[in-house]
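Residue-level structural notes
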Amino acid sequence: MLILNKAAGVFSKPSKGKIYEYLRSSNFHPGKAFLHKVVLGIETSCDDTAAAVVDETGNVLGEAIHSQTEVHLKTGGIIPPVAQQLHRENIQRIVQEALSASRVPPSELSAVATTTMPGLALSLGVGLSFSLQLVGQLRKPFIPIHHMEAHALTIRLTNEVEFPFLVLLISGGHCLLALVRGVADFLLLGKSLDIAPGDMLDKVARRLSLTKHPECAAMSGGKAIEHLAKQGNRLRFDLTPPMHRAKNCDFSFTGLQHAVNKIITQKEKEEGVEQGQVLASAADIAAAVQHTTACHLAKRTHRALLFCQQRGLLPSSNTALVVSGGVASNFYIRKALELVTNATQCALLCPPPRLCTDNGVMVAWNGIERLRAGVGILHDTEGVRYEPK
């Protein structure tokens, strides 16, 4: 945990002159009255620089994003200093594009909301530093946003969902089950004891050298696994879902990753293929690991649903399971979870795929939710911190 003013020299804050110049040069259209609350959301928790302007009725007025995926694919994973530098180079442009597209003058913003936890320290620092200077110049409230809270509440932007509901958040950095009882009111039911499912799928994709596969070269690891799995036989390799005897709602993916690595090593010997080359059986391995991951997520989520229903923690009608985060865009995993919700008479709700991955819209909407609830709105930003974990 770092205090921003102690880290000023590390994060290369934009100068006040640059902020003033940015505000003066922005191409806005005066004369339009904004009667609703309007929030600018800024997201830099990992490897995407994103911003969006959203109003309290759920209209996305403007958004912009700069993806670093292509850069990090070449290095085989995210290198924090590289991500930091790319955020620095793009944040001002991305925020200006979102504001310009929204046609909302900065002076008309109700607040600025920015992801401050959890994430990569170097990336969070860039977004927070820029945002604090911006709210200082505009004299606007600042709303620190928890990245996972933003993912959890995104569904209320796209669907009419009342509290309480169950949420499964699955991404490259996180895996948790929680009962959402209100804005900033979460009951944690289960979490990954080691790595996240997206991280595991990315590592398997790297071990399979899928960037060398002609159909997967430009895809992230998780997307490559999903794409290749459609061509494979999931039954060819026997993988046991983790923690199948554990009487709780936690998850684990490290053991599954090790089991898959052993299979890959064995197949390389059998096929006479050196490490770093694509196996003929890569599609079957991808199908098996995706299926086992889907089964694990589905079984633990089923347990959590039954727990909540038996104890009256969820409504008897209109029960909702919300699935969000980057891995929620995997349609095979969604289908497995749909079997669970059908069996428990529950609705499965997922934000559209573009809102499942990191984006500025979810941060801005989280800001709207907090404005409505009157929770976590800061008028004094001195000593504001970001928290990587």
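As a reminder, the structure under discussion sits directly above these lines.
From a predicted model like this one, the values you see are computed outputs, not experimental measurements. (Residues numbered from 1 in each chain as written. Predicted model: local features only at pLDDT ≥ 70, side-chain atom pairs only at ≥ 80, totals over all residues. Heavy atoms only, no water.)

Quick look at the side chain of glutamate 226
Position of glutamate 226 among the secondary structure elements: in helix α9 (residues 221–229). Despite being buried, glutamate 226 has no salt bridge partner; lysine 223 is the closest side chain of opposite charge, sitting 4.1 Å away. There is a polar contact of 2.9 Å between the side chain of glutamate 226 and the backbone nitrogen of phenylalanine 331. When near neighbours in sequence (up to four residues on either side) are disregarded, glutamate 226 contacts Gln290, Ser329, Asn330, Phe331 and Tyr332. (Helix = DSSP H or I, 4+ residues; strand = E, 2+ residues; numbered from the N terminus. Buried < 20%, exposed > 50% of the residue type's maximum accessible area, 1.4 Å probe, protein only. Lys, Arg positive; Asp, Glu negative; His and termini not counted. Salt bridge = Lys/Arg side-chain N within 4 Å of Asp/Glu carboxyl O. Polar contact = N/O pair within 3.5 Å; in protein donor to acceptor, adjacent residues only side chain to side chain. Contact = heavy atoms within 4.5 Å.)

What to know about the pattern of salt bridges
Opposite charge on two side chains makes pairing possible when the charged atoms of those side chains draw close. In the structure shown here, the tally under the stated rule is nine salt bridges. Residue arginine 370 is joined to glutamate 149 by a salt bridge in which the shortest nitrogen-to-oxygen separation is 2.8 Å. Of the two residues, arginine 370 sits in helix α14 (residues 360–373) while glutamate 149 sits in helix α6 (residues 147–153), which places them 221 residues apart along the sequence. Just as arginine 370 is buried, glutamate 149 falls in that class too.

Let's talk about the sheet that holds strand β11 (residues 347–349)
In spatial order, the strands read β9-β8-β7-β10-β11; together these five strands make up an open sheet with mixed pairing. Pairing within the sheet leaves two strands with one partner each, and these edge strands are β9 (185–191) and β11. Averaged over all pairs of adjacent strands, the angle between their axes in this sheet comes to 25 degrees, without regard to strand direction. Bridge analysis of strand β8 (residues 175–182) against β9 gives six bridges, and the strand direction is antiparallel. From the neighbouring strand, valine 180 faces β9, where its bridge partner is phenylalanine 186. With respect to the sheet, helix α12 (residues 331–343) is in contact with β7 (165–170), β10 (320–324) and β11, its orientation differing from that of β11 by roughly 155 degrees. (Pairing = 2+ DSSP bridges. Axes fitted to C-alpha atoms, helices over the stretch in contact; angles between N-to-C directions.)

Details of the environment of valine 82
Relative to the elements of secondary structure, valine 82 occurs in helix α4 (residues 80–102). On the accessibility criterion, valine 82 (32% relative accessible area) is partly exposed. The residues touching valine 82, leaving out its near neighbours within four places in the chain, are Val71 and His72.

Overview of unusual backbone geometry
Cis geometry marks the peptide bond from phenylalanine 163 to proline 164; its omega dihedral reads -5 degrees. Although it is not a glycine, glutamine 345 adopts a positive phi angle of roughly 50 degrees.

Concerning the nonpolar core
One finds Leu166, Ile170, Leu208, Leu210 and Ile225 to be the most contacted residues of the largest nonpolar core, which totals 54 residues. Listing elements by their share of this core, those giving two or more residues are β7, β8, α8 (197–207), α9, α10 (254–271), α11 (282–310), β10 and α12. Element by element, the count of residues in this core is highest for α11, at 13 residues. Look past the residues within four positions of isoleucine 170 in its chain and what remains in contact with it is Cys175, Pro197, Leu297, Val323, Ser324, Gly325, Gly326, Val327, Ala328 and Ile333. (Core = buried A, V, L, I, M, F, W, Y, C linked by side-chain atoms within 4.5 Å.)

Let's talk about the packing of aromatic side chains
Counting across every chain of the model gives two aromatic pairs. On the basis of an interplanar angle of 15 degrees and a centroid distance of 5.9 Å, the ring pair of phenylalanine 163 and phenylalanine 165 is categorised as stacked. Overall, the relative accessible area of 26% leaves phenylalanine 163 in the partly exposed class. According to the relative accessible area criterion, phenylalanine 165 is buried, its value standing at 0%. Taking the centre distance of 6.4 Å and the plane angle of 10 degrees together, the rings of phenylalanine 251 and phenylalanine 253 count as stacked. Relative accessible area serves as the criterion here: at 0%, phenylalanine 251 is assigned to the buried category. According to the relative accessible area criterion, phenylalanine 253 is buried, its value standing at 0%. (Phe/Tyr/Trp six-rings, centres within 6.5 Å; stacked < 30°, edge-to-face > 60°.)

Focus: the packing of α9 against α11
For the pair α9 and α11, the least separation of the axes is 8 Å and the interaxial angle reads 110 degrees. Classified by the angle between their axes, α9 and α11 sit roughly perpendicular to one another. When α9 is examined against α11, the residues Ile225, Glu226, Leu228 and Ala229 are found in contact with a partner set consisting of Ala282, Ala283, Ala286, Ala287, Val289 and Gln290. Looking at side-chain class alone, the contact of α9 with α11 contains eight nonpolar, one polar and one charged residues. (Parallel < 35°, antiparallel > 145°, perpendicular 65-115°, else oblique. Nonpolar A, V, L, I, M, F, W, Y, C, P; charged D, E, K, R; others polar.)

A closer look at a nonpolar patch on the surface
Side chains of Val71, Ile79 and Val82 sit close together on the surface and give an oily, nonpolar patch of about 190 Å² of accessible area. Looking at the secondary structure, you find valine 71 in helix α3 (residues 69–75). (Patch = residues over 30% accessible without salt bridge, like charges linked within 9 Å, V, L, I, M, F, W, Y side chains within 5 Å. Areas by Shrake-Rupley, 256 points an atom, 1.4 Å probe, with all protein chains shown as cover.)

A word on α10
Here α10 is 18 residues long and its end C-alpha atoms lie 26 Å apart, about the 26 Å a rise of 1.5 Å per residue gives. Inspection of α10 places Leu256, Gln257, Val260, Ile263, Ile264, Lys267 and Glu268 among the buried residues, and these make up the whole buried set. Taken around the axis of α10, the buried residues stretch over an arc of 140 degrees, which confines them to a single face. Opposite the buried face of α10, at more than 90 degrees from it, the exposed residues are Lys262 and Lys269. Elements in contact with the buried residues of α10: α8 and α11. Phi for glycine 272, located one or two positions after α10, is positive at around 65 degrees. (Expected span 1.5 Å × (residues − 1). Arc of directions from axis to C-beta.)

What to know about the state of the cysteines
In this structure the tally under the stated criterion is zero disulfides. The closest cysteine sulfur to the non-disulfide-bonded cysteine 295 is located on cysteine 175, 15 Å from its own sulfur. Between cysteine 346, a cysteine without a disulfide, and cysteine 308, which holds the nearest cysteine sulfur, the sulfur-to-sulfur distance is 9.8 Å. Residue classification places cysteine 346 among the buried positions, given a relative accessible area of 9%. (Disulfide = S-S within 2.5 Å.)

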